[in-house]
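Per-entry structural report
The chain contents come next:
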Amino acid sequence: MSKTEWGAFTNCLWKYQWLTKATDITNDLRETWYDLSQGIMDIVIKLFVLSQIRAIVTGIERITPELMQKVYHDELKPIHPMIDALRSGDISKITRFSDLTIPDVDIKILELSNLLQSKQDKINSVPKYQGNSIAIRLHNMLVDMGFDSGLLEPLINRALNEHPGLCMKDWMMLVIEWSQSGNNKEVTPKPKAKIIKMKDWHTLDSRDLRFLRSQADTEDKFQDCLNRERLLFDTENWLRSMA
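Here the structure is a predicted model, which is why all the values come from computation and not from measurement. (Residues numbered from 1 in each chain as written. Predicted model: local features only at pLDDT ≥ 70, side-chain atom pairs only at ≥ 80, totals over all residues. Heavy atoms only, no water.)

**Thoughts on the overall build of the protein chain**
When you go through the protein chain residue by residue, the secondary structure sums to 13 helices and zero strands. Moving toward the C terminus, one meets the helices and strands of the protein chain in the order α-α-α-α-α-α-α-α-α-α-α-α-α. The burial tally for the protein chain puts 35% of its 243 residues in the buried class. A separation threshold of at least 6 residues defines the contact pool for the protein chain, and within that pool the share at least 24 residues apart is 57%. By element, 54% of the accessible surface of the protein chain is carried by carbon and sulfur atoms, the whole surface being about 15,100 Å². (Helix = DSSP H or I, 4+ residues; strand = E, 2+ residues; numbered from the N terminus. Buried < 20%, exposed > 50% of the residue type's maximum accessible area, 1.4 Å probe, protein only. Contact = heavy atoms within 4.5 Å. Areas by Shrake-Rupley, 256 points an atom, 1.4 Å probe, with all protein chains shown as cover.)

Structure follows, in structure tokens:
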């Protein structure tokens, strides 16, 4: 598969995900994906599915190169020798794995899917929304933004009942507007400050500096990430331009 074909294929496949904080695919992620799968279709797709499930179960809600590498290391151990052989380009090594199958991966996907469903079942048990998955997800997103969980029910129910044709973003904006303007006679929820513990930084938005720090093992890697994202002010270049 050529670089152009790989780019087109991953762009197409990237659309098929259900993560709430999904971002556009980056070149780093695309290269990591290829390196870990060597372009083998079965592995490409299973790595994609396993990464999504891991992202949901852990709360990160997006696929990053670091997360995909961890999934490969933890869940795809049976194929490591084959991938290493493909990377080497040594025909004698590659031919040893011509009949390799990875049935354990399918079992792992099923196990993680069951775990994910178990988590969803617990959320759906919240009686206030009678198992309405849209209302529950909207509720959880607003709670993450700092709104008082106990005050959201009438606003969310009203938004869904009065405006059933809206999308999730528009429902959220409507509830926020009502809460801030007092346009709800029953209650006016106010956002409150929320302290995010360091162990939960990986669940924040992708551009949040705390999220970027959670993806770096060392200070040097964090510095490299900030430079790559152009988040550091280049003092030397600025001084040269002022000279």
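Next comes the rest of the write-up.
**Focus: the side chain of Arg 54**
Within the secondary structure, Arg 54 sits in helix H3 (residues 41–58). Apart from the residues lying within four places of it in its own chain, the contact partners of Arg 54 are Leu 67, Lys 70, Val 71, Asp 74 and Glu 75.

**Overview of the nonpolar core**
Trp 14, Trp 33, Leu 47, Ile 63, Met 68, Tyr 72 and Ile 79 are the most contacted members of the largest nonpolar core, which has 33 residues in total. Of all the secondary-structure elements, those providing two or more residues to this core are helix H1 (3–14), helix H2 (27–37), H3, helix H4 (65–75), helix H5 (80–88), helix H11 (209–214) and helix H12 (219–228). Those residues within four positions of Met 68 in sequence are excluded, and the remaining contacts are Leu 29, Trp 33, Leu 36, Leu 47, Ser 51 and Ile 63. Among the nonpolar cores identified, the runner-up in size contains 17 residues, and Ala 135, Leu 152, Ile 156 and Trp 178 belong to it. (Core = buried A, V, L, I, M, F, W, Y, C linked by side-chain atoms within 4.5 Å.)

**Focus: H1**
The end-to-end C-alpha separation of H1 is 16 Å, in line with the 16 Å expected for 12 residues at 1.5 Å each. Within H1 the residues assigned to the buried category are Trp 6, Gly 7, Thr 10, Leu 13 and Trp 14. All buried residues of H1 fall inside an arc of 135 degrees around its axis, so they share one side. Summarising the contacts, the buried residues of H1 are in contact with H2 and H3. (Expected span 1.5 Å × (residues − 1). Arc of directions from axis to C-beta.)

**Concerning the packing of aromatic side chains**
Under the counting rule described, the total for this entry stands at six aromatic pairs. Look at Trp 6 and Trp 33: their rings are 5.9 Å apart centre to centre, the planes differ by 75 degrees, and that puts the pair in the edge-to-face class. Here the residue Trp 6 occupies a position in helix H1, and Trp 33 occupies one in helix H2, the gap between them amounting to 27 residues. Since its relative accessible area comes to 6%, Trp 6 is described here as buried. According to the relative accessible area criterion, Trp 33 is buried, its value standing at 0%. Both rings, one in Trp 14 and one in Phe 48, keep their centres 6.0 Å apart while their planes meet at 35 degrees; by these two values the pair is tilted. (Phe/Tyr/Trp six-rings, centres within 6.5 Å; stacked < 30°, edge-to-face > 60°.)

**Observations regarding the pattern of salt bridges**
One pass over the full model with this rule turns up nine salt bridges. Notably, a salt bridge pairs Glu 162 with Arg 158, separated by 3.3 Å at the nearest N-O pair. Of this pair, Glu 162 and Arg 158 are both found in helix H9 (residues 153–162), four residues apart, which corresponds to roughly one turn of the helix. Since its relative accessible area comes to 48%, Glu 162 is described here as partly exposed. One salt-bridge network, in which partners are shared between bridges, spans Asp 35, Asp 84 and Arg 87. (Salt bridge = Lys/Arg side-chain N within 4 Å of Asp/Glu carboxyl O.)

**Some words on the side chain of Gln 38**
Position of Gln 38 among the secondary structure elements: in the loop between H2 and H3. The residues contacting Gln 38, other than those within four sequence positions of it, are Ile 83, Leu 86 and Arg 87.

**Focus on the packing of H1 against H2**
Packed helix pairs are specified by the crossing angle of their axes together with the interaxial distance, meaning the distance between the axes. Closest axis-to-axis distance for the H1/H2 pair is 11 Å, and the angle between their directions is 100 degrees. For the element pair H1 / H2, the angle class is roughly perpendicular. Of the residues in H2, those touching H1 at Trp 6, Gly 7, Thr 10, Asn 11, Leu 13 and Trp 14 are Leu 29, Arg 30, Trp 33, Tyr 34 and Ser 37. Split into classes, the residues belonging to the contact of H1 with H2 amount to six nonpolar, four polar and one charged. (Axes fitted to C-alpha atoms, helices over the stretch in contact; angles between N-to-C directions. Parallel < 35°, antiparallel > 145°, perpendicular 65-115°, else oblique. Nonpolar A, V, L, I, M, F, W, Y, C, P; charged D, E, K, R; others polar.)

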